[in-house]
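Per-entry structural report
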Amino acid sequence: MRSRQVFYVPGYDPVPPRKYREIYRREAAAQAAISGHEIDVAGLPGTAAWTVAATIGGSRTKTRVEVLVWSDIVQASMARGIAATYALMARTLWIYVASGALTRLAGLRIAPVLAALYPVAMLTAQLLAALLAGWAVGALVAIWLPAWAGWTVGLATLGAALRGFRALDHRLYAYYLMQDYAHAAAHGGACPPELAARIAAFGDRIAAALRDGPDEVLVVGHSSGAHIAAMVLAGLMRAGRVPEDGPALSLLTLGHVVPMVSFLPAAADLRRDLAALAAQDRIAWVDVTAPGDGACFALCDPVAVSGVAPAAQRWPLVISAAFSQSLAPATWKRLRRRFFRLHFQYLHAFDRPGAYDYFAITAGPQTLAERFGGRAHSPGRIARPHSPHSGMAA
């Protein structure tokens, strides 16, 4: 194989595409030094894309990587104020509890559920701390001044404390994560209209690449980008826009959080798309997670646990990135408590890469199907249905 087009679908992330270009450039160089690859990365000015010229295993391959951008949608959803965020927290928690999804998610994998509850606990603690500070300062002022002055100063202190916590969110991530989960649950699992429009545009870009004729078109979805990528490709299949005689078409999902959406009652479209991708023989689908990543549903088959696995299920192939084995002990010790960094490890260099080598997959001479052909699921794959809702759109 000599040419490839990669489309990368990020998760819920407000940063521009250049972040992912710089991660790729830096980590490709690190992986090349470890594995003996030759990888040259060049940006394409004015685009959300870059090119990669690589020699891996003695074969030369040219790749174009493009980020499918929805960071503007994320930025708009994160623009809510403090009061609106607390209202959103209550609504989101109610959606997951009332639908039965939260209990089922906890029975599937507790770590990502604890991650989902972290912003609820942190925001609640911040509110209680702000209330306590407001009461204490107000009571102190009321000793010397009229009661109304105490109330005024107390409320001002409450507001200042909440704004202070909000300003620290680049370290605490409470508002960020709350907006993330709220966005996923906003329509009870149904795709928000603005995201549905973007998914259609993503499909147009991928369909154009299939017509251009590289040897492989590879779609990579990370975190919540995993289920978006799945919906894009299922939509192309449904519309008859995947030519049988076209380039190899592949789907690589990394660190998925699919059950956070597919377990909700209105996620019928997503469940339909997962089932369709699981049964077809045109698109090779490999799903990579790691038990060390507490933000994903590690080794959970996203189709099967959603309760929509067809009788003749072919995909995805569920593979563990096995951080504790693929990273050197010193690297694993340094990273194992860095929650967010580990969730992005799939895009980084590995000290001891096995079958999963992000740069060999995205820039090497084998298609995804060739690289993982004949492999079995990693031990520990979870394929029992857990979702309280399994209805699918027609």
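You'll find the structure just up there.
Worth saying up front: this structure is predicted, and the values here are computed from it rather than measured.

Counting secondary structure elements, the protein contains 17 helices and 8 strands. Taking 2.2 N^0.38 as the reference for a compact globule, 394 residues should give roughly 21 Å; the C-alpha atoms of the protein span a radius of gyration of 23 Å, in line with that estimate. The dimensions of the protein, computed from C-alpha atoms along their principal axes, are 80 × 45 × 40 Å. For the protein, the residues scored as buried account for 53% of the 394 residues in total. Looking at the protein alone, contacts between residues at least 24 apart form 77% of all its contacts between residues at least 6 apart. If you sum the accessible surface of the protein, you get close to 16,500 Å²; carbon and sulfur atoms cover 61% of it. Treating the 37 positive side-chain charges of the protein as one cloud and the 25 negative ones as another, the clouds have centres 7 Å apart.

Moving on, we come to the side chain of Ser71. Its place among the elements puts Ser71 in helix H2 (residues 71–77). Setting aside residues up to four positions removed in sequence, Ser71 forms contacts with Asp13, Pro14, Val15 and Pro16.

The final tally for this structure, using the stated rule, is 13 salt bridges. Arg238 is the partner of Asp273 in a salt bridge, and the nearest nitrogen-oxygen pair spans 2.7 Å. Taken together, the residues Asp273 in helix H12 (residues 268–279) and Arg238 in helix H10 (residues 225–238) connect sequence positions 35 residues apart. Connected through shared salt-bridge partners, Arg238, Asp269, Arg272 and Asp273 make up one network.

Right, let's get into the packing of aromatic side chains. Counted under the stated rule, the structure contains 14 aromatic pairs. Each ring, one from Tyr12 and one from Tyr176, has its centre 5.9 Å from the other, and the planes form 45°; the classification is tilted. Residue Tyr12 is located in the loop between strand S1 (3–9) and helix H1 (18–35), and its partner Tyr176 is located in helix H8 (residues 174–185); the two are separated by 164 residues in the primary sequence. Residue Tyr12 is classed as buried on the basis of its relative accessible area of 3%. The class of Tyr176 is buried, set by a relative accessible area of 17%. Judged by centre distance (5.1 Å) and plane angle (75°), the rings of Tyr24 and Phe359 are edge-to-face. Linking Tyr24 in helix H1 with Phe359 in helix H16 (residues 358–363), this pair joins segments that are 335 residues apart in sequence.

This paragraph deals with the sheet that holds strand S4 (residues 59–67). Pairing in this open sheet of 8 strands is mixed, and the strands run S2-S3-S4-S1-S5-S6-S7-S8 from one edge to the other. With one partner strand each, in any of the chains shown, strand S2 (38–43) and strand S8 (317–320) form the two edges of the open sheet. Taking the axes of each pair of neighbouring strands and ignoring which way they run, one obtains an average angle of 20° across the sheet. Along the sheet, H1 makes contact with S1, S2, strand S3 (49–56) and S4, crossing S2 at roughly 165°.

This next bit is on the nonpolar core. Membership of the largest hydrophobic core comes to 63 residues, with the highest contact counts inside it found for Trp70, Ile206 and Leu233. With 8 residues, H10 is the single largest residue contributor to this core. Leave out the neighbours within four places in its chain, and Trp70 touches Val9, Pro10, Gly11, Tyr12, His183, Leu195, Arg198, Phe202, Ser224 and Ile228.

Rules behind the numbers
Residues numbered from 1 in each chain as written. Predicted model: local features only at pLDDT ≥ 70, side-chain atom pairs only at ≥ 80, totals over all residues. Heavy atoms only, no water. Helix = DSSP H or I, 4+ residues; strand = E, 2+ residues; numbered from the N terminus. Rg over C-alpha atoms; globule rule 2.2 N^0.38 Å. Buried < 20%, exposed > 50% of the residue type's maximum accessible area, 1.4 Å probe, protein only. Contact = heavy atoms within 4.5 Å. Areas by Shrake-Rupley, 256 points an atom, 1.4 Å probe, with all protein chains shown as cover. Lys, Arg positive; Asp, Glu negative; His and termini not counted. Charge placed at Lys NZ, Arg CZ, Asp CG, Glu CD. Salt bridge = Lys/Arg side-chain N within 4 Å of Asp/Glu carboxyl O. Phe/Tyr/Trp six-rings, centres within 6.5 Å; stacked < 30°, edge-to-face > 60°. Pairing = 2+ DSSP bridges. Axes fitted to C-alpha atoms, helices over the stretch in contact; angles between N-to-C directions. Core = buried A, V, L, I, M, F, W, Y, C linked by side-chain atoms within 4.5 Å.

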